[in-house]
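# Coordinates in review
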Amino acid sequence: MMLPCPHCGDRDVSEFRYGGDASKERPAHGTGDLQTWNDYVFLFENPKGPHTEYWQHVLGCRRWFKLARNTATNEIGGVVS
Amino acid sequence: MSKHYSALALARHALDPDMPWPKAWESPEPKSSYDVVIVGGGGHGLATAYYLAKNHGITNVAVIEKSYIGSGNVGRNTTLIRSNYMIGGNTAFFEHSLKLWEGLSHELNFNCMVSQRGQIVLAVNPVQMDVFARRGNTMRLNGIDAELLDAGEVRKLLPYLDWSRDARWPIHGAIMQPRAGTVRHDAVAWGYARAASALGVHIIENCEVTGFVINDGKVSGVDTSRGRINAGKVGIAVAGHTSHVAKMAGLKLPVESHILQAFVTEPIKPIVDNVISWGAELFYLSQSDKGGLVFGGHIDGFNTYTQRGQFNRIQTVAECAVSLMPFISRLRMLRHWGGIQDMTPDGSPFISRTPVKNLYLNGGWCYQGFKATPASGWTYSHTIAHDQEHELVRDFALDRFEKGKELDEFGLGNWTYKQ
Amino acid sequence: MTTFRRLPKGGRIDRAKPVSARFDGKSLGGFAGDTLASALLANDKVLVGRSFKYHRPRGIVAAGIEEPNGLFTLGEGATTEPNVAATMVDLVEGLVAKTQNAWPSADFDLMAVNSILSPLFQSGFYYKTLMGPSKGSWMFYEPFIRKAAGLGKATDLPDPDRYDMRFAFCDVLVIGSGPAGLAAALTAGRSGARVVLAEQDSDFGGSLLSGNDAEHEAWRIACVEELKGLSNVEAFTRTTVQGLYDGNLAVLVENRSHLRPDAKKGEARMLLTQLRAKAIVMATGAIERPLVFSNNDRPGVMLASALRTYANRYAVAPDKRAVIAANNDTAYQVALDLADAGVPVTVADHRAAVSADILSRAGAKGIAIFPGSGIFDVEGSKGVKRVKLGGTHAVTIECDVVGMAGGWSPVVHLSSHGGIKPKYDEAVAGFVPGGFAPSHFGAGAMMGTFGLSAAVAEGANAGASAASSAGFGKTRPIYAPEHATDRTYAILPTWTPAYSAKGKAFVDFQSDVTIKDVKTAHQEGYRSVEHLKRYTTLGMGTDQGKTSNINALALMAEYRGITIPEAGTTTFRPPYAPLTMGAIAGRTVGAHFRPVRLSPLNDWHAKNGGIFIDAGLWKRAWYYAWAGNSPETAYVKEMELVRRGVGLADVSTLGKIDIQGPDAAEFLNRVYVNGFAKLPVGKVRYGVMLNDDGIVLDDGTTARITENQFYMTTTTAQAGEVMSWLEYLLQMHWPELNVQVASLTDEWAGMAVSGPKAREALQLAFPEADLSDAALPYMGCKDIRFDGVTVRLLRMSFSGELAYEVHVAADYAISLWEHILKAAASTGIKPYGLEALASLRIEKGHVAGLELDHRNTLDDLGLGKMAGKEKDYVGKALRFREDCQRPERWSLVGLELMEPDKKLRGGSILFAATDEIKGHGRGYITSVTWSTELNKFIALGLFDGGLKHEGEEIIAAFPLKNEQARLKIVSPHFIDKEGARLHA
């Protein structure tokens, strides 16, 4: 796969580090009870289809970004702002 | 026709080449109703159906498979079995599984080629030797075989490893489980299917579940591509696609789907006699009875349902293979393939009831689905039959994360993609 | 008896360049341009091997990559390479080849007894037997099965050769250089696009290389010449495209074995290219398939197209007569060419009628045609003696060679790698691509387009489309040779042998799968194509079923009473052909397997007696020669140095992070469990971070350099994780915080000056700095200037002694280190290594990697009190999950060995004194050391209930060595509990 780093452009997937599901809303710092955090940390939609996820261009500019990708096809939808 | 497999039956068929063998398992049309419907005709689903019939006398059972039986991970793994687990909650379960493996060919009257050739896990520094020692000591204290080997002993067993000064991480020693080994993976699916079918279980291939019939929080059947099938109880066993199927029942789970790749080389005469794993990076290799070296490494590391791996992972694994065993460099890879496996935040599975009455879940197997197959079927069938988790799987609970009771065998943190 | 002979003239071999190879210890002569296969046939070696299971005599079947039988072991000793298809090996001087899987020889093989026992060895026989008498009996049978299985014998010596890998980019990749591929490459090339043309054969031309038409050859040469003249085109021979991966990544492997590369000179045996192409044209051709009939595996029974290739390209032809069994028109091109080469030919055509055009052309060359006929049986055990036909013309024909023209299977592998399933095409009687990704195109025989001019037109079209899809506009197509006539294909598929005798009829030659095996699989219910494949091992050999898969699945479809498309096909997986592992790994092996990280002080350690140990990617100084030459004792001397005098240790591997910005204090206050908001400038604080799940992620220290600048250190192991974690929180979740983080791990060096004489030593090194306790108190920090360089002094201690860390830009590390040693020589300062460092921290009760293992909570590590009660921090919510607060969790304790004659070992399992020694125990030992202070073995460990049991005697069990020892639970702070030394 080639991933579109917002800063460096298309780069091979081997330059990136995966950061998991980005569709989940992280509770604001200092908020959220145990159940909210449990759901945020441990439960996943895990869709077979469109997915938004975090990636970091870790062997490059170190930019984190949200990416749209289809988990059924690996088709890249592009960076999500 | 010889229903029972034996050397004698084989000889009879050899003398009379026109005498047909019976079908290994029957392919009946689905009935409108069963006591138990198992969703997923993989190793776990078929084993569950077999033990439902064998151990619990429940024979009005259907196994529903969307493709052909064994089309999932039971036919895509690297065939390893072992019980080198050290966390309470894992140890007894996996040892029970290994004990079942040891008698499986006889149990099923189907030679699954259970080969207890021993697994050797290589340590690459003294600290790792301490970590391995903890594991080995725990195994011994739980009646499981384990041996600690120093570098000299390993070298005698595996002279072809890279013992040169070039080795990036020299081998310091190893932990070995002599009873670990390999099993012919497809045979496990076929053997369980044949034995379950003989006990009256219906095996229904090319039948995809499209929904669950749930009323008042209670399941009473499944909708399938071949119509509705009513069921007293429904068990899910579709690891790889657990989230996808559980979602139809309204469940959101601590599971993500990841691809694990596997590889095989051309067949060669026997050269690697054990299962070998490496402590430098996740890498494991054995030689199949057909002669190919079968090996694998880490998951690709991002969730996907495509059974296609990324090339950079293929390189990583080849680098491990050649660096650990430099002779492999001249051998040739024949095939690589991918399986979709459930990954959980602690690397451990689920066998449990669900919030939906009479609906049960078996999934989240991460890397260990194949070796767990017999015990998974054994305990899941109990869980379904008694509507109560078997004591061996009490810790494989769905709510263990909110309770802070992770079963983290390797201490890798709460990321599914790093497990 | 002669079966094959070298024709006196013709072929693409260079008769001026004789070549001599070694085959089974004897000389094998040929010419430049020969393959090992063509040389074997030219030398009339027809029986060249034995089959996998039944050890039946086998000969070469094909002329290309699909060869199922002609597998040999190349090389000797460390260069041994088993199972290589002779058709893909250039005959070069010095080549060494051996037959395999036969004993004592291929000609006389004792294992052929298997053939007599074959009724026992039908498909899947091993699932039905070899189980008794006892549970473990398979372990008795398995070695025999293993020995019998396997093809060639590999060496267990390290591969002496070298492999290279490169990344490349292009606009258009054209795969295959047959007529369609040449046309595509040229048309795309003429547009100005950067084109890569990859050809697996040793020359460009594909099927044209097997022809004998002068005009076609002129066209081929013109195309190749023009391509070579285009600076934007790169064309490679002996280069196989092994797979297509997500993101238009093509993996190309060029085999340079024929050049006999010398690894010592840096020459690579293979070159793997990861090529990113904007567009891809697949012109991968087609592979002829065999026909299934009784004894179709006799040596001398070959693919018809192979006979043509051997005759035209290698000038090797049957000596007496060839019989060609056909079900389509392409057989006649073979017959005509063989006739041209002077070989008498008979064609048995399954079809009842043959076109008038063929009859007239064949008749003109004396070719006998038997329509409505097929092969009943082939006679001759080690070669073909005669064939018996069945059908309309049930005659017996004396011949030495049989050609099988069963139709063509388009090579759809690459088009399927992306997940698009091929579809069955009735006219082709084979699978063609089921579609293409947007930037992928197909042309020629792989599309089922078999005629020359049609293929060229399709190729030119695909080349233009590919160039256009890659952003190139104008081009000029190439046209087919003027007189090219596209002959008909007109196939009548014959999946089931219509006339066959009862001999073994093979579907898969290499895996020894017969029609009977397919029948058995069907009977037993192994009916899906995947079950068929897995049960019979069909298509699992080195050829991956290139010639066998379609015949097998067509047979299964027939038995099941369904159509071929209903039966479906198996998945085509990469690699396309057997792919050398060394080529995939490239140079990333051995010492270069993973990068080596070196401290900026590494060279000093190496020159001054440092003994190194691996710590992750790092090489760290383990201990130094001054303290002895055994790791068991040297660290004890080094500990004594620190406890009694002063030592200097390299701590450069710690993660070092510069944190700046107006919100830096707030940021740290969020990520650490303890408070950082009010850390004064000039102070350092120990901190612990949790993951979101409330489990400890890492510990370290952070110093406040100025109001808005902090300097963080992390553990060596977690440095990368922590850095990414901080970046993640800042970039993705807390944009409101104005903070920047930068890793200084490689930019800065760190050294610890530890021991009662630490201040004295440091004062000698920095005479102008005020190092008094008042000016630089415990947990104080300050930057000083020394010799024009900023030096960061942090007064903190890992060992429990009076200690400082001295951090400096990496370039100055060695000079500063040497300066400290020299200036403070009077204190007796010496270096100490990782082992002593780790042991000193155990004595002080500091947790490290073995305790920070992603399984422990703050409370487990005795650090619960650190966490701010009022403040919020990452992981706070989940820290208080039910089980995480259970009082009887395994938590940190100190342990002292009570039995002085015994040894304490890491990984021991802990039990209460009255426990039965079994099960999981009540905890385990994480870290062990000899304590120079206490003169005994001490340890850190986790124990059920932790320090509630302080003072109790417990048992450490190490059953792997049958050892047990009595221990006492003590505070993990073995020394200086009051901290007097730290504050000295």
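Every residue gets a number counted from 1 within its own chain, in the order that chain's sequence is written. Each chain is given a letter, starting from A, and each ligand a number, starting from 1, according to the order in which they appear as written. Only residues with pLDDT of at least 70 get local features here, since the model is predicted, and only at 80 or more are side-chain atom pairs given and counted; chain-wide, interface and lining totals rely on the full set of residues. Excluding hydrogens and water, the side-chain values take into account all heavy atoms of the structure.

## Some details on the interface of chain C and chain B
When checking whether two residues touch, look at their non-hydrogen atoms; a contact exists if any pair is within 4.5 Å. Listed as interface residues are 124 residues of chain C and, on the opposing side, 117 residues of chain B. What gets called buried area is simply the loss in accessible area from a 1.4 Å probe that two parts show on being joined, summed for both. Taking both sides of the interface into account, the surface hidden between chain C and chain B amounts to around 10,300 Å²; carbon and sulfur atoms contribute 57%. The largest per-residue losses of area from chain C upon contact with chain B belong to Arg 146, Met 581 and Leu 960 of chain C, which jointly make up 8% of the total buried on that side. By definition here, a salt bridge exists when the distance from a side-chain nitrogen of Lys or Arg to a carboxyl oxygen of Asp or Glu is within 4 Å. On the surface where chain C and chain B come into contact, there are 11 salt bridges. Arg 330 of chain B is paired through a salt bridge with Asp 159 of chain C; the nearest N and O atoms lie 2.7 Å apart. Here a polar contact is taken to be a pair of N or O atoms separated by no more than 3.5 Å, where protein atoms must pair a possible hydrogen donor with a possible acceptor and residues adjacent in sequence count only if both atoms sit in side chains. Counting across the interface, chain C meets chain B through 69 residue pairs in polar contact (both at pLDDT 80 or more). The way it works is that DSSP assigns letters per residue, a run of H or I at least four long becomes a helix, a run of E at least two long becomes a strand, and they are numbered from the N terminus. Looking at the side of chain C that touches chain B, the element that brings in the most residues is helix H4 (residues 138-148) of chain C, giving seven residues.

## Let's talk about the state of the cysteines
Each disulfide consists of a covalent bond between the sulfur atoms of two cysteine residues. A pair of cysteine sulfur atoms is labelled a disulfide when the two atoms are within 2.5 Å. In total, this model carries zero disulfides over all chains according to the counting rule given. For Cys 366 of chain B, which is in no disulfide, the shortest distance to another cysteine sulfur is to Cys 884 of chain C and amounts to 19 Å. Here's how the labels work: a residue is buried when its accessible area is under 20% of the maximum for its type, exposed when over 50%, partly exposed in between, all with a 1.4 Å probe on protein chains only. Overall, Cys 366 of chain B belongs to the buried group, its relative accessible area being 6%.

## What about the packing of helix H18 (residues 631-644) of chain C against helix H23 (residues 834-844) of chain C?
Residues and elements named next belong to chain C. Contact geometry of H18 with H23 gives a least axis separation of 9 Å together with a crossing angle of 60°. By the criterion of interaxial angle, the relationship of H18 to H23 is oblique. The handedness of the crossing between H18 and H23 is right-handed. Here Tyr 635, Glu 638, Met 639, Val 642 and Arg 643 of H18 lie close against H23, whose contacting residues are Glu 835, Ala 836, Ser 839, Leu 840 and Glu 843. Of the residues assigned to the contact of H18 with H23, the class counts are five nonpolar, one polar and four charged. As a rule, the C-alpha atoms of each element are fitted with a line to give its axis, helices using only the stretch in contact, and angles between N-to-C directions run from 0 to 180 degrees. Any angle between 65 and 115 degrees counts as roughly perpendicular, while under 35 counts as roughly parallel, over 145 as roughly antiparallel, and the rest as oblique. Handedness of a helix crossing follows the sense of rotation of the near helix relative to the far helix, less than a right angle counterclockwise being left-handed and clockwise being right-handed. Here the term charged refers only to Asp, Glu, Lys and Arg, the term nonpolar to Ala, Val, Leu, Ile, Met, Phe, Trp, Tyr, Cys and Pro, and the term polar to all other amino acids, Gly among them.

## Considering the pattern of salt bridges
If you walk through the whole model with that rule in mind, you get 90 salt bridges over all chains. With a closest N to O distance of 2.1 Å, Asp 12 of chain A and Arg 276 of chain C form a salt bridge. One end of the pair, Asp 12 of chain A, is in strand E2 (residues 9-12); the other, Arg 276 of chain C, is in strand E14 (residues 270-282), on a second chain. No difference in accessibility class separates Asp 12 of chain A from Arg 276 of chain C, as the two residues are buried. Of the charged contacts, one joins Glu 319 of chain B and Arg 594 of chain C as a salt bridge, the two residues approaching to 2.7 Å between their closest N and O atoms. You can see Glu 319 of chain B sitting in helix H9 (residues 311-324) and its partner Arg 594 of chain C sitting in the loop between helix H16 (581-585) and strand E32 (597-598), one on each of two chains. For the pair Glu 319 of chain B and Arg 594 of chain C, one class covers both residues: buried.

## Quick look at the domain arrangement of chain C
When the parts of a complex come together, some accessible area is lost, and that lost area is often taken as the interface size. Here chain C is described as being made up of domain 1 (4-121), domain 2 (162-286 + 410-469), domain 3 (292-406), domain 4 (598-652 + 748-777 + 787-840), domain 5 (655-743) and domain 6 (884-984). An automatic or database domain assignment supplies the residue ranges for each domain. Centre-to-centre separation of domain 1 of chain C and domain 4 of chain C, based on C-alpha positions: 66 Å.

## Notes on empty space enclosed by the protein
Lining residues are those with an atom within 4 Å of a point, where the points come from a 1 Å grid over the protein atoms alone and group into cavities, where a 1.4 Å probe fits but cannot get out, or pockets, open sets with protein on both sides within 12 Å along at least five of seven lines. Grid points are joined across faces, edges and corners, and a volume is the space filled by probe spheres set on the points. Tallying each qualifying case throughout the model produces 13 cavities of 30 Å³ or more. Empty space within the largest cavity amounts to approximately 370 Å³. Considering the residues around the largest cavity, the lining is formed by 24 residues, among which Gly 19 of chain A, Trp 415 and Tyr 417 of chain B together with Asp 692 and Tyr 728 of chain C are closest to the centre. Put simply, the parts of the chain that give the lining of the largest cavity at least two residues each are strand E3 (17-21) and helix H1 (34-42) of chain A together with helix H20 (719-733) of chain C. The element best represented in the lining of the largest cavity is E3 of chain A, accounting for five residues. Among the residues forming the lining of the largest cavity, the class breakdown is 10 nonpolar, six polar and eight charged.

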